[in-house]
Amino acid sequence: MSATPQIAPIESAIRGALTEQLSPLHLEVINESYMHNVPKGSETHFKVLVVSDKFDELSLIKVYFAIF
């Protein structure tokens with residue numbers, strides 16, 4: 001019996017949106033929900049690392065607002 005991979009819709013949406021908007025050179029989306037008091041399989045807490053040419057020559061505050 002083979003296990004089917006669990007679909008993570010929120011993680012997929014985060015990856016899709018960041019990829020579309022920032023064309024990242026490097027992207028990590030890490031679900032850290034297991035470290036919090038949430039039901040197993042939750043998608044509530046993420047760590048994201050994005051490297052993108054779109055951040056070149058922007059101050060940190062402008063990078064923040066470019067994302068949000």
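As shown above, the structure is provided for reference.
Conventions adopted
Residues numbered from 1 in each chain as written. Predicted model: local features only at pLDDT ≥ 70, side-chain atom pairs only at ≥ 80, totals over all residues. Heavy atoms only, no water. Helix = DSSP H or I, 4+ residues; strand = E, 2+ residues; numbered from the N terminus. Buried < 20%, exposed > 50% of the residue type's maximum accessible area, 1.4 Å probe, protein only. Contact = heavy atoms within 4.5 Å. Areas by Shrake-Rupley, 256 points an atom, 1.4 Å probe, with all protein chains shown as cover. Salt bridge = Lys/Arg side-chain N within 4 Å of Asp/Glu carboxyl O. Patch = residues over 30% accessible without salt bridge, like charges linked within 9 Å, V, L, I, M, F, W, Y side chains within 5 Å. Core = buried A, V, L, I, M, F, W, Y, C linked by side-chain atoms within 4.5 Å.

## Remarks on the overall build of the protein
Check the secondary structure of the protein and you find two helices and two strands. Here the protein, with 68 residues, has 19% of them falling under the buried criterion. Within the protein, residue pairs in contact and separated by at least 24 positions form 40% of the contacts whose partners lie at least 6 positions apart. Per element, the accessible surface of the protein, about 5,600 Å² overall, is 59% carbon and sulfur.

## Considering the pattern of salt bridges
Under the defined criterion, the tally for this structure stands at two salt bridges. The residue Glu32 makes a salt bridge to Lys47 at a minimum N-O spacing of 3.4 Å. With Glu32 in the loop between strand S1 (26–31) and strand S2 (46–51) and Lys47 in strand S2, the pair connects residues that are 15 residues apart, well separated along the chain.

## A look at a nonpolar patch on the surface
A cluster of nonpolar side chains, contributed by Leu25, Leu49 and Val51, occupies part of the molecular surface with about 270 Å² of accessible area. Relative to the assigned elements, Leu25 resides in the loop between helix H1 (9–22) and S1.

## Considerations on the environment of Ile10
Structurally, the position occupied by Ile10 is in helix H1. On the basis of relative accessible area, Ile10 is assigned to the partly exposed category, the value being 41%. Measuring from C-alpha to C-alpha, the distance between Ile10 and Asn31 comes to 9.7 Å, with 21 residues separating the pair along the chain. In this view, Ile10 contacts Glu43 and Phe46; residues no more than four positions away in its chain are not counted.

## Brief notes about the nonpolar core
Counting seven residues, the largest nonpolar core consists of Leu18, Leu22, Leu27, Val29, Val50, Phe55 and Val63. Among the secondary structure elements, those contributing two or more residues to this core are H1 and S1. Residues in contact with Val29, not counting those within four places in the same chain, are Glu11, Ile14, Arg15, Phe46, Lys47 and Val48.

## Details of the side chain of Ser42
Along the chain, Ser42 turns up in the loop between S1 and S2. Setting aside anything within four residues of it in sequence, one finds Ser42 in contact with Asn31 and Ser33.

Any link to function would need more than the numbers given here.
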